[in-house]
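Per-entry structural report
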Amino acid sequence: MQLVPWLLICQLLSGACASAQPTLASADVVDVLSRPVDERFARALAPMQFQFPLDHGPHNDFATEWWYYTGNLTGEDGGAYGFQLTFFRSALAPGETSRQSDFAAQQIYMAHFAVTSAPDGRHLSFDRFSRGAGGVAGATGAPRYQVWLDDWRAFETGPGQMRLQAAAEAEIGPVSIDLTLTETRPPLLHGDAGFSRKGPEAGNANYYYSLVRMETTGNIVFGGTEIDVSGLSWMDHEFGTSALSGDAVGWDWFAVTLDNDVVLMFAEIRTKSGATQEIFEGTLSFPDGRQIAIFQDDFTLTPTGRWTSPDSGIVYPSGWRVAIPRHDIELTIEPLIDDQEMDVAFTYYEGATVVRGTMDGAPVGGRGYVELTGYGEGGLLR
């Protein structure tokens, strides 16, 4: 599901892109996501035939697109770390501009970068914005895949291998990542072979796949201290021309990687009444390559606690019980640290998690990521 570039459209509509430090404190996201979209944009109407690695690149005929990298790492010091590096593309008009200028652009890019350090008990986040012009920001699928905004970038280094680089300055000192990610499984296609509904209306859908269990090595810098790390990463790539519908107010999204090599993604859209909308999505992936869709009737998600942000005052669920009886799975998910709220232009929660439970009667552990949106500005905590 992921935090979609609709939020970038909020920036455009509010004129925030004209500022070096945009803010969205008063943006009504549900209102923006309900506005009509230019009918010239392509729509996701049926499953497509993906071509990899070409389809890692941009699809500019669709209104929005995002590349979402998250990972759970262990340092040479034994500490647990998490990272997020996300690129969003939002189109002003379909296709490419015909104007011959380095400043002409029909694509706007936004990027979010964050690192969680359990040893330090801290989560630091950063964002950037740019037009897709003059080489400052953009994406390509050929001759190699890459997406970038200034010196934050993800790019293909060889078959099935990518490198992530990002750096920023925090009050505690430099924060950066330099990581190599190696694919170990075929892409995980969500929904109907990668066709992911976002609402009941025709064309209100995206194309959505994930690269999971990507073996990861490299280093992070946190507050000026460099740590060699290794672990597993997850990439979500999604593109389409869609919007929230009805009285939807936000969503909860989870990625789970278990130590028995089973992988689980699930997401649900919440409504203003606090109920789950009919849109629910889940995919269960096994080491032998099987991919099984998880439906709403298969599944229960129960929050076990709450956390109140000292910065935004937003109250989020914190801790969950997950049960999938049909597959004999019972899990408890807890945040790696409580405070992993993204302090960027739009406030939301994105953080590393620790997973424990049982599958087929045997104990399992694991790690993952959670995203929570719509709990402020009228959103409800269930």
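For every chain, the first residue of the written sequence is number 1, and numbering continues from 1 along that sequence. Whole-chain, interface and lining totals are the exception, using all residues; otherwise, since this is a predicted model, local features are given only for residues with pLDDT of at least 70 and side-chain atom pairs are given and counted only at 80 or more. Processing note: side-chain calculations cover all non-hydrogen atoms of the structure and skip hydrogens and water entirely.

Glancing now at the overall build of the protein. By definition, any uninterrupted DSSP run of H or I lasting at least four residues is a helix, any uninterrupted run of E lasting at least two residues is a strand, and each is numbered from the N terminus. Counting secondary structure elements, the protein contains two helices and 25 strands. Classification of residues uses two cut-offs on accessible area relative to the type maximum, computed with a 1.4 Å probe and protein chains only: under 20% is buried, over 50% is exposed, and between them is partly exposed. The proportion of buried residues among the 382 residues of the protein is 58%. We call two residues in contact whenever any of their non-hydrogen atoms come within 4.5 Å of each other. At a minimum sequence separation of 6, the contacts of the protein that also span at least 24 residues come to 59%. Here the accessible surface of atoms and residues is derived via Shrake-Rupley with a 1.4 Å probe, and residues count as covered only by protein chains that are part of the display. In the form shown here, the protein has an accessible surface area of approximately 15,000 Å², with 49% of it arising from carbon and sulfur atoms.

Quick look at the environment of L301 now. Within the fold, L301 resides in strand β18 (residues 300-303). Sequence spacing of L301 and W320 is 19 residues, and the spatial spacing of their C-alpha atoms is 6.6 Å.

Before going further, it helps to examine the confidence of the model for the protein. Per-residue pLDDT for the protein has a mean of 86; in total, 83% of the residues score no lower than 70. A residue's pLDDT is the predictor's confidence in that residue, given on a scale from 0 to 100. Of the regions scoring below 50 in pLDDT, residues 2-34 engages in 76 contacts with residues more than four places distant in sequence or in other chains.

Classification of ring pairs rests on two measures: the distance between centres of Phe, Tyr or Trp rings, Trp counted by its six-membered ring, which must be within 6.5 Å, and the angle between planes, read as stacked under 30 degrees, edge-to-face over 60 and tilted in between. A full pass over the atoms with the stated rule returns 19 aromatic pairs. Pairing Y316 with Y349 gives two aromatic rings, centres 5.3 Å apart and planes at 50°, and the pair type is tilted. Taken together, the residues span a long stretch of sequence, with Y316 in strand β20 (residues 315-317) and Y349 in strand β24 (residues 348-359) at a distance of 33 residues. Note on Y316: relative accessible area 2%, which makes it buried. Taken together, F50, F52, F62, F195, Y207, Y209 and F239 form an aromatic cluster joined through their ring pairs. Stacked on the ring of Y375, the Lys or Arg R270 has its end atom at 3.7 Å from the ring centre. We call a charge positioned above a ring when the Lys NZ or Arg CZ atom is no farther than 6 Å from the ring centre and deviates by at most 35 degrees from the ring normal.

For Q49, the position within the fold is in the loop between α2 (29-33) and β1 (64-75). For the pair Q49 and A193, spaced 144 residues apart in the sequence, the C-alpha separation amounts to 8.7 Å.

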